[in-house]
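Here is how the chains run, residue by residue.
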Amino acid sequence: MSVYGPIVKIHPVVLASIVDSYERRNEGACRVIGTLLGTIDKHTVEVTNCFSVPHNESEDEVAVDMEFAKNMYELHKKVSPSEVIVGWYATGYDITEHSVLIHEYYSREAQNPVHLTVDTALQSGRMNIRAYVSGSTPSHQEYSQSDQRVDHRLGTGGISVSHSRNVDNRIVLH
């Protein structure tokens, strides 16, 4: 599978918020999910904010509080009207069967939403961050890892996390 898609830029406050949500998750919850907000231009998705969305998962099903997500977005639009839903996040390393169902919901809220995974369990000894977008193939719809970099912005400098299918994530300060 080829690597393609937009460049995804993530502000540090988004990562801090995701980790905070994970640390405050309900007892027994394996992961947290949430909505990504930001802006989209021709080749770039810039994620500037996010909020967690309550959900329950079991092996058989996932229940997402979609009403909560809609209400939070409506409130957020009053404060930051230029930010739109650009996708969603989940903590964890893999895309699960439930991820596909959740992605279907976000596909109704945003055109070609980004799915960001944040490995808060540090399975490889570091916090891997991956961005995915849906891609069409002649036979089916599938997830595809977005481009070759996720760029975390810190003012004018930043941290750039580059990744591809064959290379471990590398954090470069610039």
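Residues numbered from 1 in each chain as written. Predicted model: local features only at pLDDT ≥ 70, side-chain atom pairs only at ≥ 80, totals over all residues. Heavy atoms only, no water.

## Things to note about the packing of aromatic side chains
Taken as a whole and assessed by the stated rule, the structure comprises two aromatic pairs. Centroid distance Trp-88 to Tyr-106: 5.9 Å. Interplanar angle 10°. Geometry classified as stacked. On the criterion of sequence distance, the pair formed by Trp-88 in strand S6 (residues 84-91) and Tyr-106 in helix H3 (residues 97-109) is long-range, its members being 18 residues apart. Each member of the pair, Trp-88 together with Tyr-106, is buried. (Phe/Tyr/Trp six-rings, centres within 6.5 Å; stacked < 30°, edge-to-face > 60°. Helix = DSSP H or I, 4+ residues; strand = E, 2+ residues; numbered from the N terminus. Buried < 20%, exposed > 50% of the residue type's maximum accessible area, 1.4 Å probe, protein only.)

## A few points about the packing of helix H2 (residues 66-79) against H3
Relative orientation of the contacting elements H2 and H3 amounts to 35°, with a least axis distance of 13 Å. The way H2 lies across H3 gives a crossing that is right-handed. Across the interface between the two elements, Met-66, Ala-69 and Lys-70 from H2 touch Tyr-105, Arg-108 and Glu-109 from H3. Of the residues contributing to the contact of H2 with H3, the split by class is three nonpolar, no polar and three charged. (Axes fitted to C-alpha atoms, helices over the stretch in contact; angles between N-to-C directions. Left-handed = near helix turned anticlockwise from the far one by under 90°. Contact = heavy atoms within 4.5 Å. Nonpolar A, V, L, I, M, F, W, Y, C, P; charged D, E, K, R; others polar.)

## Here we look at the nonpolar core
Counting 19 residues, the largest nonpolar core has Ile-10, Val-14, Ile-18, Leu-36, Val-47, Tyr-89 and Leu-116 as the members making the most contacts within it. Going through the elements one at a time, strand S1 (7-10), helix H1 (12-23), strand S3 (44-53), S6, strand S7 (114-118) and strand S8 (129-136) are the ones with two or more residues in this core. No other element matches H1, which puts four residues into this core. The next biggest cluster of nonpolar side chains, apart from the first, holds 13 residues, and it includes Ile-33, Ala-69, Ile-85 and Tyr-105. (Core = buried A, V, L, I, M, F, W, Y, C linked by side-chain atoms within 4.5 Å.)

## Description of the confidence of the model for the protein chain
The share of residues in the protein chain with pLDDT of 70 or more is 74%, and the mean pLDDT across the chain is 75. Counting interchain partners and residues more than four positions distant, the pLDDT-below-50 stretch residues 137-174 has 111 contacts. (pLDDT = per-residue confidence, 0-100.)

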